[in-house]
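# Observations on the three-dimensional arrangement
Each chain is listed here by its residues.
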Amino acid sequence: MLPAGPQTRLIANMVRWVRTPLPWLDELHATYGNVFTMHLPRLKIPVVIFADPAAVRDLWTGDPNVLHAGEANAILRSVLGKDSLLVLDGERHLRERRLMLPPFHGDRMRAYGEAMRDVTIREIERWPVGKAFPVHTSTQTITLEVIMRTVFGVGGPKMEGPEFTSGPGIDPRLAPLRDALVKFTTLGTSRLGTAMLLLTPPERMEQMMLLSTRGLGKLLPWGPIVRAKAETDRLVLELIAARRREGTTGRDDILSMLLEARDEHGQPMTDDQLRDEMLTLLVAGHETTATTLAWTLHHLLEHPEWLARVRAEAREVGPTELDKLVLLDAAIKETLRLTPIIPMVGRVLSQPTTIGGIDLPRGSVALACIYLVHRRADLWPDPLRFDPGRFVGKKVDPTTYFPFGGGARRCLGMAFANYEMKIVLSTILARADLAAAPGKRIKLVRRGITFAPSGGMPIVMTKRHPSARGREAI
Ligand code: HEM
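Here goes a summary of the coordinates provided. The shown structure was predicted, so the numbers you read here are calculated from the model rather than taken from an experiment.

It is worth spelling out the overall build of the chain at this point. Along the backbone of the chain there are 20 helices and 12 strands. Computed over C-alpha atoms, the radius of gyration of the chain comes to 22 Å, within 12% of the 23 Å expected from 2.2 N^0.38 for 474 residues, which places it in the range of a compact globule. Expressed as lengths along the three principal axes of its C-alpha atoms, the size of the chain is roughly 65 × 55 × 45 Å. Going through the 474 residues of the chain one by one, you find that 55% of them count as buried.

Below is the structure:
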């Protein structure tokens, strides 16, 4: 028998899921405990939500051929394409994941450190002094710029220089792609985009999208989102075609590497497959990190004692000594505990499976609830308090703390995101004195599948320190 859950009408469940999912999860947790079943109309199959570390362990250690994350992420097919790593399962997932992982680790990842710092410094230089501005927009600019360099590379003669997507001597094809991606993510995470994503069955989405490209269909409200996606696809395909023409010799960026890759039959990836993987990295690799950066600044500004400690550390430690940023690392971890931007991750069961001691039928969806586990009072004393001290000198347990998901599907960009966040935040804290924007209350708002601070997270820079350690030293 499935665990108990809300008996409200399906449509009522859906409305709450879209509008106020987190308070609703809290309410369900208080009523039903650490495991409950939800019925969502679109899925027509039971969704079992686990806030139980033993179940989380089963989900991380189970066979990925049985626990399908790609199927659970099916709503992303219309956004990222059917060949996106996020929606693949089985052999192909494994193969493409192995291929895409190395640039996001170790020395290959560290090679992007300088770009991360340069882009951040350039962005800080544009901030007004003494006037509120939305820092989330700024962190999005930084992380998009960084991921574009990582994906398309900085090795070619046209792509040198700190401002390659807009500036002298820069590949002119990247600027339009950056603008198209900003438009696509802004429209895609708007209220309409979010509702469309969450309420349209994945199999129906393609029809809906097609409809809005023809005749009067162009007037449909979601037309601009579909056109923004088409434009992004077109520009990514153009860049792929250009790289094919110009060759990949001497380049070790992700596009060149995927162009060189061959499957077990010696076949290269098709243009459509390449496009979907490029888009996946560009979208998953910037929005998530940008939002976590904004949340970290929010929590630090709300806790001046921690802000002072983390800032002192950032000003003390040299730019190449990221390992010494112990307090900053703890502040980022605590931010992802309290305000994880993705509240849960799912697996569709391809055969009957026992999870956390509960027998689930084939086809059901098991969700590991990041948000609820991270707030369990028995696992995290005084759970609503922001206290980075919890993480100082402690190893984390992947069944009680998992903002990046887990198992074979754990976030591909975890190390990269952590590295980037430390560089961006230490650069900001070393170079800028910050204050919360007066009179603005920050709330949590849904942006597509992620949860972000409201109003673009306004802050005020009270002073800039232009000569702080940084740029030259890395
Ligand atoms: C703070 C930043 C980030 C957070 C919180 C985050 C979170 C997540 C989560 C929760 C998942 C699902 C894991 C699961 O199902 O178990 C995921 C998957 C993924 N993330 Fe991230 N992510 C972040 C940054 C990045 C970056 C920078 C990249 C770019 C390289 C990236 C690329 C991906 C990809 C490709 C997947 C799919 C992995 C697979 O299915 O095998 N993410 N991420």
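Taken as a whole and assessed by the stated rule, the structure comprises 27 salt bridges. Among the salt bridges present, the one from Arg447 reaches Glu287, with a minimum N-O distance of 2.6 Å. In this pair, Arg447 is assigned in strand β10 (residues 444-447) and Glu287 in helix α16 (residues 287-302), connecting sequence segments 160 residues apart. For the pair shown, Arg447 and Glu287 are each scored as buried. With a closest N to O distance of 2.6 Å, Arg376 and Asp378 form a salt bridge. Judged by relative accessible area, Arg376 falls into the buried class, the value being 10%. Given a relative accessible area of 56%, Asp378 falls into the exposed group. Within this structure, Lys82, Asp83, Arg92 and Glu96 form a network of salt bridges that share partners.

What follows deals with the site of the ligand. The immediate surroundings of the ligand are formed by 26 residues, with His93, Arg97, Arg347, Arg409 and Cys411 found nearest. With respect to the ligand, the side chain of Arg97 contributes an N or O atom lying 2.7 Å from an oxygen atom. One of the backbone N or O atoms of Gly406 is found 3.0 Å from an oxygen atom in the ligand. Grouping the amino acids of the shell around the ligand by side-chain chemistry returns 15 nonpolar, eight polar and three charged.

Right, let's talk about the coordination of the iron atom of the ligand for a bit. For the iron atom of the ligand, the protein contributes exactly one donor atom, Cys411 (SG), at 2.3 Å. When you line up the elements, Cys411 lands in the loop between α19 (370-373) and α20 (414-431).

The next point concerns the sheet that holds strand β9 (residues 432-436). One open sheet accounts for three strands, arranged β4-β12-β9; its pairing is antiparallel. Each end of this open sheet is capped by a strand with a single partner; those strands are β4 (132-134) and β9. Strand-to-strand twist of the sheet, defined as the mean angle between neighbouring strand axes without regard to direction, takes the value 45°. Two strands pair when backbone bridges link them, and β4 and strand β12 (residues 458-464) are joined in this way by three bridges, in the antiparallel orientation. By the bridge assignment for β12, Ala132 is matched with Val460.

Moving on to the side chain of Glu287. Owing to a relative accessible area of 6%, Glu287 belongs among the buried residues under this scheme. Looking at Glu287, its side chain comes within polar contact range of the side chain of Gln140, at 3.3 Å. Here Glu287 is in contact with Gln140, Thr185 and Arg447, once residues within four sequence places are set aside.

Take the packing of helix α17 (residues 304-316) against helix α18 (residues 326-338) next. Pairs of packed helices are described in terms of their axes, by the angle between the two and the distance that separates them. Packing of α17 against α18 brings their axes to within 8 Å, and their N-to-C directions diverge by 135°. As summarised for this structure, α17 and α18 are arranged oblique, according to the angle between their axes. Between α17 and α18, the residues in contact are Trp306, Arg309, Val310 and Glu313 and Val326, Leu327, Leu328 and Ala331, respectively. Its residues placed into classes, the contact of α17 with α18 shows six nonpolar, no polar and two charged.

A separate point is the environment of Leu258. Here Leu258 is to be found in helix α14 (residues 254-260). Separated by 184 residues in the primary sequence, Leu258 and Ala74 have C-alpha atoms spaced 23 Å apart. In contact with Leu258, not counting residues within four places along its chain, are Leu99, Met100, Met269, Leu274, Glu277 and Met278.

Relative to β12, β9 is paired through five bridges, and the arrangement is antiparallel. Looking across to β12, one finds that Leu434 is bridged to Met461.

Taken together, five strands build an open sheet; the order of strands is β1-β2-β8-β5-β3 and the sheet is mixed. The open sheet has two edge strands, β1 (35-39) and β3 (67-68), and neither has a second partner. In the packing of helix α2 (residues 21-32) onto the sheet, contacts are made with β1, β2 (46-50), β5 (344-349) and β8 (365-369), and the angle to β1 comes to roughly 125°.

This next bit is on the side chain of His29. Mapped onto the elements, His29 comes out in helix α2. For His29, the side chain forms a polar contact with the side chain of Asn34, separated by 2.7 Å. Leave out the neighbours within four places in its chain, and His29 touches Asn34, Phe36, Ala51, Leu372 and Arg376.

What counts and what doesn't
- Residues numbered from 1 in each chain as written.
- Predicted model: local features only at pLDDT ≥ 70, side-chain atom pairs only at ≥ 80, totals over all residues.
- Heavy atoms only, no water.
- Helix = DSSP H or I, 4+ residues; strand = E, 2+ residues; numbered from the N terminus.
- Rg over C-alpha atoms; globule rule 2.2 N^0.38 Å.
- Buried < 20%, exposed > 50% of the residue type's maximum accessible area, 1.4 Å probe, protein only.
- Salt bridge = Lys/Arg side-chain N within 4 Å of Asp/Glu carboxyl O.
- Near = heavy atom within 4 Å.
- Polar contact = N/O pair within 3.5 Å; in protein donor to acceptor, adjacent residues only side chain to side chain.
- Nonpolar A, V, L, I, M, F, W, Y, C, P; charged D, E, K, R; others polar.
- Donors = N, O, S within 2.8 Å, 3.2 Å for Na, K, Ca; no water.
- Pairing = 2+ DSSP bridges.
- Axes fitted to C-alpha atoms, helices over the stretch in contact; angles between N-to-C directions.
- Contact = heavy atoms within 4.5 Å.
- Parallel < 35°, antiparallel > 145°, perpendicular 65-115°, else oblique.

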